[in-house]
Amino acid sequence: MEEASNRRKFLSVSALAGVLSACGGGKETAVEDEGPSRLGRPVSAYGERSAHVKLARAFRDSANPEAAASFTPLQDLDGIITPASLHFERHHAGVPQIDPEKHELLLHGMVDRPLMFTLADLRRLPSESHVYFIECSGNSGGEWGAKTTPDPQRGFGLASCSEWTGVPLRTLLEEAGVKPGASWVIAEGNDACRMMRSIPMAKAMDDILVAYSQNGEPLRPEQGFPLRLVVPGWEGNINVKWLRVLKVADQPYMAKDETSKYTDLMPDGKARIFTFVMEAKSIITFPAGGRKLSGPGLYEITGLAWSGRGRIEKVEVSTDGGKSWTAARLQEPRHRIAFTRFRLPWRWDGGEAMLQSRCTDESGYVQPSKEELVAARGTGSNYHFNGIKPWKISADGSVTNVDA
Ligand SMILES: Nc1nc2c(c(=O)[nH]1)N[C@H]1C(S)=C(S)[C@@H](COP(=O)(O)O)O[C@H]1N2
Ligand SMILES: [Mo]
């Protein structure tokens, strides 16, 4: 005992003096909020977050948890990158467990040379890394109707942003040699629903990645390990995960998820289909639904803006229900087709306020109001809601989800 406590004393003194080298603290490794008075934990093979940090994806209990979604806690994240462990999930048939050594990607159909790629075959090809958001087109679908989603996470958390690394799809198509007359590429996943989507050849030859990596490490199983398509700016569904087949064709496949689903019923009874692009959208993530301001004074209004058509050029914020607007500061660098963080200092006077943001992208497109959106599309849509999002601040500081 005596010796142990002397030893502890010695260790704490030398730690304070800053002379502790890697001399081995023996058993003195478990620490609980004791600061520098004891040795901390040793090195580890794979990092864990602090036990005090509880950020989590949200999801509802479901009778079919394999065909469900989980939501990114947008209100609790900083900057623009979503940690892979908090990237939203949308699975139609659960997460398949795939051995990367056995996984192969077949490229066939209207090509001169059908090709089969192992992971190693793909990784030796010229690759690119880009920061892109992925957003389910069903994200914020609740906003079409009555407000039922209380906070940014559950209302808008089917959107996340990562740095993706992979081989341009164009490179694979060029290696295989696309035959004249080919105009579509059909992508198929290796999950139980065999998710299939048709992609126009112009997009396939443009910026699509066959991605194997997310934020610097191999994809998570939930995001499509070992391979997924990243189709920049297009609705989440077309970013086929667990990618196993690419078939070059001269027409779309008219798969379930591009006909009966992911289509929008218009007021005239016709449906919009192949609604690929995710139009510009922004939301304030603080102060937002679910928060309570502690009292009048200085706050920072902050949030995220993104557009499937390119860079975000401007985000304006209103604190008076849209009567006046002020340009927010945009975090640099601004990547195209990525989350863009905006910030604006704000002094709350303690009265009622209505906060909302409106973004403009590099194509000149301005995020519409909900009224403008409904005037154009009616209320029969489930997908592609990108209207301006108001949050109401009450005099007691509570923040709630409301219509303007
Ligand atoms: N193979 C396959 N790919 C898929 C899906 C799926 O269920 N199976 N879900 C799609 C949908 S609807 C969306 S919104 C995105 C979600 O990607 P994430 O789970 O990585 O966020 O993946 C798409 N790709
Ligand atoms: Mo989706």
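Everything quoted here is computed from the prediction, not taken from an experiment.

Rules of the game
Here, residues in each chain are numbered from 1, in the same order as that chain's written sequence. Key to labels: chains lettered from A, ligands numbered from 1, both in the order written. The model is predicted, so local features are restricted to residues of pLDDT at least 70 and side-chain atom pairs to those at 80 or more, both for listing and for counting; the totals for chains, interfaces and linings are taken over all residues. With hydrogens and water set aside, each side-chain value is computed from the structure's full complement of heavy atoms. Secondary structure is summarised from DSSP: a helix means a run of H or I of at least four residues, a strand means a run of E of at least two, and numbering begins at the N terminus for each. Each residue is placed in one exposure class: buried if its accessible area under a 1.4 Å probe, protein chains only, is under 20% of its type's maximum, exposed if it is over 50%, and partly exposed if it falls in between. Residues are treated as being in contact if the distance between any of their heavy atoms lies within 4.5 Å. Accessible surface area values rest on a Shrake-Rupley calculation with a 1.4 Å probe, where residue burial reflects the displayed protein chains alone. Cavity means a closed set of points on a 1 Å grid over the protein atoms alone, one where a 1.4 Å probe fits but cannot get out, pocket means an open set with protein on both sides within 12 Å along at least 5 of 7 lines, and lining means a residue has an atom within 4 Å of a point. Grid points are joined across faces, edges and corners, and a volume is the space filled by probe spheres set on the points. Note that Gly is not counted as nonpolar here; it falls among the polar residues with everything else outside the nonpolar set of Ala, Val, Leu, Ile, Met, Phe, Trp, Tyr, Cys and Pro and the charged set of Asp, Glu, Lys and Arg. Paired strands, in this sense, are two strands between which DSSP finds at least two bridges. Only heavy atoms are used to decide nearness, and a residue is near a molecule or strand if one of them lies within 4 Å of it. Distance and chemistry together define a polar contact, namely a pair of N or O atoms within 3.5 Å, with one atom able to donate a hydrogen and the other to accept it when in protein, and with adjacent residues in sequence counting only for side-chain atoms on both sides. Whether a molecule sits in a cavity or pocket is decided by its atoms, more than half of which must lie within 2 Å of the grid points. In this document the domain limits rely on a domain assignment from an automatic tool or a database. Accessible area that two parts lose when put together, with a 1.4 Å probe and added across both, is what the buried area reports. Any Lys or Arg side-chain nitrogen located within 4 Å of an Asp or Glu carboxyl oxygen qualifies as a salt bridge.

Draft legend 1. A look at the overall build of the protein chain. Counting its secondary structure elements, the protein chain contains six helices and 23 strands. Dimensions of the protein chain, computed from C-alpha atoms along their principal axes, come out at roughly 85 × 60 × 40 Å. Buried residues in the protein chain amount to 49% of all 404 residues. Summarising the internal contacts of the protein chain: among those between residues at least 6 apart in sequence, 70% fall at separations of at least 24. Per element, the accessible surface of the protein chain, about 19300 Å² overall, is 52% carbon and sulfur.

Draft legend 2. Looking closely at the layout of surface pockets. If you add up the space inside the largest pocket, you get close to 600 Å³. Taken together, 27 residues line the largest pocket, and the ones lying closest to its centre are R60, A69, F71, G138 and L158. For the lining of the largest pocket, the class distribution of residues is ten nonpolar, ten polar and seven charged.

Draft legend 3. Geometry of the sheet that holds strand β18 (residues 326–327). If you walk across this open sheet you meet the five strands as β18-β17-β21-β22-β23, and the pairing is antiparallel. The open sheet has two free edges, formed respectively by β18 and β23 (399–401), since each of these has just one partner strand. Sheet topology places strand β17 (residues 312–318) next to strand β21 (residues 353–361); six bridges connect them, and they run antiparallel. Bridged to I312 within β21 is D361.

Draft legend 4. Spatial organisation of empty space enclosed by the protein. Under the counting rule described, the total for this entry stands at three cavities of 30 Å³ or more. Taken together, 20 residues make up the lining of the largest cavity; nearest its centre are R90, R228, G236, N239 and K241. Across the lining of the largest cavity, the residue classes break down as seven nonpolar, seven polar and six charged. Roughly 50 Å³ of internal volume is contained in the second largest cavity. If you trace the second largest cavity, you find it lined by L74, L77, D78, G79, I80, I81, T82, L304, F339 and R341. Partitioned by chemical class, the residues of the lining of the second largest cavity number six nonpolar, two polar and two charged.

Draft legend 5. Quick look at the site of ligand 1. Surrounding ligand 1, one finds 20 residues, the nearest of these being F88, H92, D191, R228 and K241. In the environment of ligand 1, an oxygen atom lies 3.2 Å from a nitrogen or oxygen atom belonging to the side chain of H87. With respect to ligand 1, the backbone of N239 contributes an N or O atom lying 3.1 Å from a nitrogen atom. Summarising the interface, the protein chains cover 100% of the accessible area of ligand 1, which totals 530 Å² for the free molecule. With respect to the pocket detection grid, ligand 1 is positioned in the largest cavity. Broken down by class, the residue content of the shell around ligand 1 amounts to six nonpolar, eight polar and six charged.

Draft legend 6. Looking closely at the environment of M110. Its location among the elements puts M110 in the loop between β3 (104–109) and β4 (115–118). On the basis of relative accessible area, M110 is assigned to the partly exposed category, the value being 23%. Between the C-alpha atom of M110 and that of V185, which follows or precedes it by 75 residues, the distance is 9.4 Å. Those residues within four positions of M110 in sequence are excluded, and the remaining contacts are G177, V178, K179, P180, G181, A182, V248, A249 and D250.

Draft legend 7. Expanded view of the pairing of strand β15 (residues 281–286). Most of β15 is tucked away, with five of its six residues classed as buried. Examined bridge by bridge, β15 and strand β16 (residues 297–306) share five bridges and lie antiparallel to one another. Within the sheet, the bridge partner assigned to I284 lies in β16 and is G303.

Draft legend 8. Examining the domain arrangement of the protein chain more closely. The assigned domain composition of the protein chain is domain 1 (84–272) and domain 2 (281–401). Its C-alpha centre places domain 1 at a distance of 28 Å from the equivalent point of domain 2. Facing 33 residues of domain 1, the contacting portion of domain 2 comprises 30 residues. Across the domain 1 to domain 2 interface the summed buried area is about 2800 Å²; carbon plus sulfur atoms make up 60%. The largest contributions to the domain 1 side of the interface with domain 2 come from F133, W144 and F156, which together make up 28% of the buried area. Linking domain 1 with domain 2 are three salt bridges. Among the salt bridges present, the one from R336 reaches D207, with a minimum N-O distance of 3.5 Å. Where the side of domain 1 that touches domain 2 is concerned, the elements lending two or more residues are β5 (128–135), α3 (152–156), β6 (159–168) and β13 (264–265). Of the residues contributing to the side of domain 1 that touches domain 2, the split by class is 14 nonpolar, ten polar and nine charged.

Draft legend 9. Local environment of the pairing of β21. The element β21 is extensively covered by neighbouring structure, given that seven of its nine residues are classed as buried. With three bridges connecting them, β21 and strand β22 (residues 391–393) associate as antiparallel partners. If you follow A353 over to β22, its bridge partner there is I393.

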